[in-house]
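These are the residues of each chain, in order.
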Amino acid sequence: MSAASGKPAPRPTVETQPYWDGCRSGELRLQRCAACEHVQFPPRRFCASCLTADLRWESASGRGRIRTFSVVRHPISLAFAAEVPYVVALVELDEGPTIMAGIRGCQIEDVEIGLAVEVEFEQRSDEIYLPYFHPC
Amino acid sequence: MSRSSSLRGAVAIVGIGDTEVGKLPGRGATELTIDAGARALRDASIDKSAIDGLITSNSMVDPHMYHAEMVAEAMQIFPRYCMTLAAGGATSFAAIHHAASAIATGLCETVLISSADNLRTGLTREQAMVQQSSTGHPQFEAPYGAPVPVSYAFIAQAHMHQFGTTPEQLAAVAVTTRRHASLNPNAEKRGLIDIGDVLESRLIADPLHLLDCSLVSDGGSAVVVTSAERAVDHPERPVYLLGAGEGHSHEHISAAKSLVSSAAAESGERAYAMAGLTPKDVDFAELYDCFTPVVLIELEDLGFCAKGEGGPYVEAGHTALGGRLPTNTHGGLLSHTHPGNPGSMFALTEAVMQLRGDAGARQVEGAEVGLVHAQGGILSSHCTLLLGRDAS
Ligand SMILES: [Zn+2]
């Protein structure tokens, strides 16, 4: 599945559609388990902690800290060639789960582990808005 | 005897076979699998009719729905135990674990494990792209354009941040491994390199340079495993399985609970417990070195040094031939060869050569016990084996 840019665009499933709907409306959504309070990402039909299916969607703060990162110097495909070098990180959200995302809005040299970041969204295709993070 | 010790000394590797490696245009994954298998049978001096168990790993270039059955058909062998195994880089050693269990429980007597691929010359452009992004979650990781090295760069970066590990220490892994490869006539990369060469090689994904990354190769490798009772009939010195253990912690790197420790700690502990051995008993190690930081984490998790001390341990020369724990004596995935899932098979055949005393210029003097460890995914699936010259 590719967007016009040639970059891969996620194909939502029954489990993930509400998440992508959230991104489209500028909101990062996580699932909270009604039975055990576990907050999870990525979205699933069942709670990964207690395996019950009573999951509620909630709006996340959109804030977190960089757990680790790297600078891509050698693009994965031609679609990303114009962007190198770019930063990809694992961001630990304030709510607990870790999400992979690109880091924008700062100099590459300023990216470091522990840096506080906030979500933004990039339109990838007609339907898909992808979360990226910038320093807050 | 605890249940976990029941495999100790129960089986032995009695045959090994490596194909040519590197760039092998015109060779296919299937025939390389058969070539490796045939070499292992010849080394074991047994006829294919003695094989009643077969384990293969699927090819990325030429995948088959019934891969092991396809290989059995092509070799005209008719096993009663037949399995295609998939644990990424850990496949080869997990295959030994499964073969040992099958033999010990009487499912079969003699197992051929053969694995090959031709990632270097056989992949189409589309397949290469798929391979690059295959470990990333299709919705939540792949869209960010992070090739496989980025996931290992994440690990390196976290290790550097938490323990002060340096790029020079990562480079020391590549330099030491290359020195070992220079003593292996079958290795793809044999020219000596120094720390500066690694640090001056092209940055792929910070902090990893080109020479921190393993090769992409064509090639295959196979072993024959049989019961300890049957092993004594073979002309080559049998190499016994003393311990085996696995650990599995996640699929995607974003789901990893730790970025600096891995389930190698669990697989190692299980293997040591089965063998009744400790890290001090190990004479050499063959570790999974798809990228240099992995070796540091494995040295720590497998108990050869304290957590966070992997960098200084390698820098001090302990992993070099002649050091405390000669590691990746054949040149590893960094310098010998890396045809994908079959990559760790070459570490296994190397360990067998070391324990037979057949490793030539790179022989570890007095090698009695070797540890081999492999991981698949992004520090996801782990298998540790302890191998010995003697059955106990
Ligand atoms: Zn729950």
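Just so you know, these numbers come straight off a predicted model, no measurement behind them.

Cut-offs applied
Residues numbered from 1 in each chain as written. Chains lettered and ligands numbered in written order. Predicted model: local features only at pLDDT ≥ 70, side-chain atom pairs only at ≥ 80, totals over all residues. Heavy atoms only, no water. Helix = DSSP H or I, 4+ residues; strand = E, 2+ residues; numbered from the N terminus. Rg over C-alpha atoms; globule rule 2.2 N^0.38 Å. Buried < 20%, exposed > 50% of the residue type's maximum accessible area, 1.4 Å probe, protein only. Areas by Shrake-Rupley, 256 points an atom, 1.4 Å probe, with all protein chains shown as cover. Lys, Arg positive; Asp, Glu negative; His and termini not counted. Charge placed at Lys NZ, Arg CZ, Asp CG, Glu CD. Donors = N, O, S within 2.8 Å, 3.2 Å for Na, K, Ca; no water. Tetrahedral: all angles 85-135°; square planar, octahedral: opposite > 155°, others 65-115°. Contact = heavy atoms within 4.5 Å. Buried area = accessible area lost by both parts, 1.4 Å probe. Salt bridge = Lys/Arg side-chain N within 4 Å of Asp/Glu carboxyl O. Core = buried A, V, L, I, M, F, W, Y, C linked by side-chain atoms within 4.5 Å. Pairing = 2+ DSSP bridges. Axes fitted to C-alpha atoms, helices over the stretch in contact; angles between N-to-C directions. Parallel < 35°, antiparallel > 145°, perpendicular 65-115°, else oblique. Nonpolar A, V, L, I, M, F, W, Y, C, P; charged D, E, K, R; others polar. pLDDT = per-residue confidence, 0-100. Left-handed = near helix turned anticlockwise from the far one by under 90°.

So, about the overall build of chain A. On a plain count of helices and strands, chain A comes out with 1 helix and 8 strands. Ordered by position from the N terminus, the helices and strands of chain A form the series α-β-β-β-β-β-β-β-β. Against the globule reference of 14 Å for 136 residues, chain A gives a C-alpha radius of gyration of 16 Å, in line with a compact fold. Once the C-alpha set of chain A is aligned to its principal axes, its extents read approximately 45 × 35 × 25 Å. A burial count over chain A gives 43% of its 136 residues as buried. With an accessible surface of roughly 6,500 Å², chain A has 47% of that area assigned to carbon and sulfur atoms. Counting 14 positive and 18 negative side-chain charges, chain A places the averaged centre of each group 4 Å from the other.

Turning our eyes to something else, we now look at the coordination of the zinc ion. Residue and element names in this part refer to chain A. Within the protein, the zinc ion binds to C33 (SG), C36 (SG), C47 (SG) and C50 (SG); these donor distances fall in the range 2.3 to 2.4 Å. Coordination geometry of the zinc ion: the 4 donor atoms subtend angles of 104 to 116 degrees at the metal centre, consistent with an arrangement described as tetrahedral. Sequence spacing of the donors to the zinc ion: C-x2-C-x10-C-x2-C. With a gap of 11 residues between them, C36 in the loop between β1 (29-33) and β2 (39-40) and C47 in the loop between β2 and β3 (55-59) connect regions that are remote in the sequence. Given the relative accessible area of 0%, C47 is considered buried.

Quick look at the interface of chain B and chain A now. On the side of chain A, 36 residues touch chain B, which itself brings 31 residues to the contact. Between chain B and chain A lies a buried interface of about 2,700 Å² when both sides are counted; carbon and sulfur atoms form 66% of it. Per-residue buried area on chain B facing chain A is highest for Q139, F140 and Y144 of chain B; these three make up 29% of the total on that side. Counting across the interface, chain B meets chain A through 1 salt bridge. With a closest N to O distance of 2.7 Å, R73 of chain A and D206 of chain B form a salt bridge.

Attention now goes to the nonpolar core. Within the largest apolar cluster, 150 residues are counted, with the highest numbers of intra-cluster contacts made by F133 of chain A together with I113 and L348 of chain B. Here this core gets 9 residues from one element, more than from any other, and that element is helix α5 (residues 148-163) of chain B. Membership of the second largest hydrophobic core comes to 5 residues, among which are A171, V175, I193 and V198 of chain B.

Take the sheet that holds β3 of chain A next. In a beta sheet, neighbouring strands are held together by backbone hydrogen bonds and run either parallel or antiparallel to one another. Residues and elements named next belong to chain A. Strand order in the open sheet formed by 3 strands is β2-β1-β3, with antiparallel pairing between adjacent strands. Only two strands of the sheet have a single partner each, and these edge strands are β2 and β3. The strands touched by helix α1 (residues 17-24) within the sheet are β1 and β3, with β1 carrying the most contacts at an inclination of about 140 degrees.

Turning our attention to the packing of helix α6 (residues 167-181) of chain B against helix α10 (residues 292-301) of chain B. All names here are of chain B. Running from N to C, α6 and α10 point in directions that differ by 95 degrees, and their axes come no closer than 8 Å. Regarding the angle of α6 to α10, the classification is roughly perpendicular. Here L170, V173 and A174 of α6 come into contact with α10, specifically with T292, P293, V295 and L296. Class assignment of the residues belonging to the contact of α6 with α10 gives a composition of 6 nonpolar, 1 polar and no charged.

When pLDDT is averaged across chain B, the result is 94; 97% of the residues are at 70 or more. Across the interfaces of the predicted complex, the ipTM metric reaches 0.95, alongside a pTM of 0.95.

This part is about the packing of helix α1 (residues 29-44) of chain B against helix α2 (residues 67-75) of chain B. Residues and elements named next belong to chain B. Contact pair α1 / α2: the axes reach a minimum separation of 10 Å and the direction vectors enclose 65 degrees. Taken as a pair, α1 and α2 cross one another with a handedness that is right-handed. Listed contacts from α2 to T30, T33, I34, G37, A38 and L41 of α1 are M70, V71, A74 and M75. Looking at side-chain class alone, the contact of α1 with α2 contains 7 nonpolar, 3 polar and no charged residues.

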